[in-house]
Amino acid sequence: SVCEGNSYTISSASAMNYLAISWTSDGSGTITNGNSFTPTYMPSLGETGIVTLTLIATGNSPCPQQSDAMELTIQENPTAFAGTNAAICQNMTY
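No experiment lies behind these values; they were computed from the predicted model shown.

### Points about the nonpolar core
For step 1, the next point in the chain: Of all hydrophobic cores here, the largest spans 11 residues; its members are Val 2, Ile 10, Ile 21, Trp 23, Tyr 41, Val 51, Leu 53, Leu 55, Ala 57, Leu 72 and Ile 74.
For step 2, the next point in the chain: For this core, the secondary structure elements donating two or more residues are β3 (18–25), β6 (49–59) and β7 (66–75).
For step 3, the next point in the chain: The element that contributes the greatest number of residues to this core is β6, accounting for 4 residues.
For step 4, the next point in the chain: Non-local contacts of Ala 57, meaning those with residues more than four positions away in its chain, are made with Ala 15, Tyr 18, Ala 20, Ile 21, Gln 65 and Gln 66.

Structure (structure tokens):
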């Protein structure tokens, strides 16, 4: 998983007996280096949740293409609110 706004590079993909490979996703982000075994997925602004990244291996003729997928979880960034600003006099509590 990655945090919102951070990219993710796949590092453990492989295929055998293929002519070409490519990657697709069901997310709204972009894939760079998508014709390699180490593509990078960059989530779009505000994208969170689960994105499926699919590797497609085009087979050598006459073999069909094969695919496999992985799920990438994009976690929302944390938020914090310390409260509203206040002014107090000396020796008073808030």
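Okay, back to it.
### A word on unusual backbone geometry
For step 1, the next point in the chain: Here the bond from Ser 61 into Pro 62 is cis, since omega is 5 degrees, no more than 30 degrees from zero.
For step 2, the next point in the chain: The residue Pro 62 is located in the loop between β6 and β7 in this model.
For step 3, the next point in the chain: Positive phi values are uncommon outside glycine, yet Asn 17 reaches one of about 55 degrees.
For step 4, the next point in the chain: When you line up the elements, Asn 17 lands in the loop between β2 (8–9) and β3.

### Some thoughts on the packing of aromatic side chains
For step 1, the next point in the chain: Within the structure shown, the criterion is met by 1 aromatic pair.
For step 2, the next point in the chain: Centroid distance Tyr 18 to Phe 37: 5.7 Å. Interplanar angle 90 degrees. Geometry classified as edge-to-face. With Tyr 18 in strand β3 and Phe 37 in the loop between β4 (30–32) and β5 (40–42), the pair connects residues that are 19 residues apart, well separated along the chain.

Criteria and cut-off values
Per chain, residues are indexed from 1 in the order of the written sequence. With pLDDT at 70 or above as the cut-off, local features in this predicted model cover only qualifying residues; side-chain atom pairs require 80 or more to be listed or tallied, and sums for whole chains, interfaces and linings still use all residues. Hydrogens and water are ignored here; the side-chain numbers use all heavy atoms of the structure. Think of a nonpolar core as a cluster: buried Ala, Val, Leu, Ile, Met, Phe, Trp, Tyr and Cys residues, connected wherever their side-chain atoms sit within 4.5 Å. Residue exposure (1.4 Å probe, protein chains only): buried if accessible area is under 20% of the type maximum, exposed if over 50%, otherwise partly exposed. Secondary structure counts use DSSP, requiring at least four H or I residues in a row for a helix and at least two E residues in a row for a strand, with both numbered from the N terminus. We call two residues contacting when some pair of their heavy atoms lies within 4.5 Å. Put simply, two rings from Phe, Tyr or Trp (the six-membered ring, in Trp's case) pair if the centres are within 6.5 Å, and we call them stacked under 30 degrees between planes, edge-to-face over 60, tilted for the rest.

Shape is all these values report; function is a separate question.
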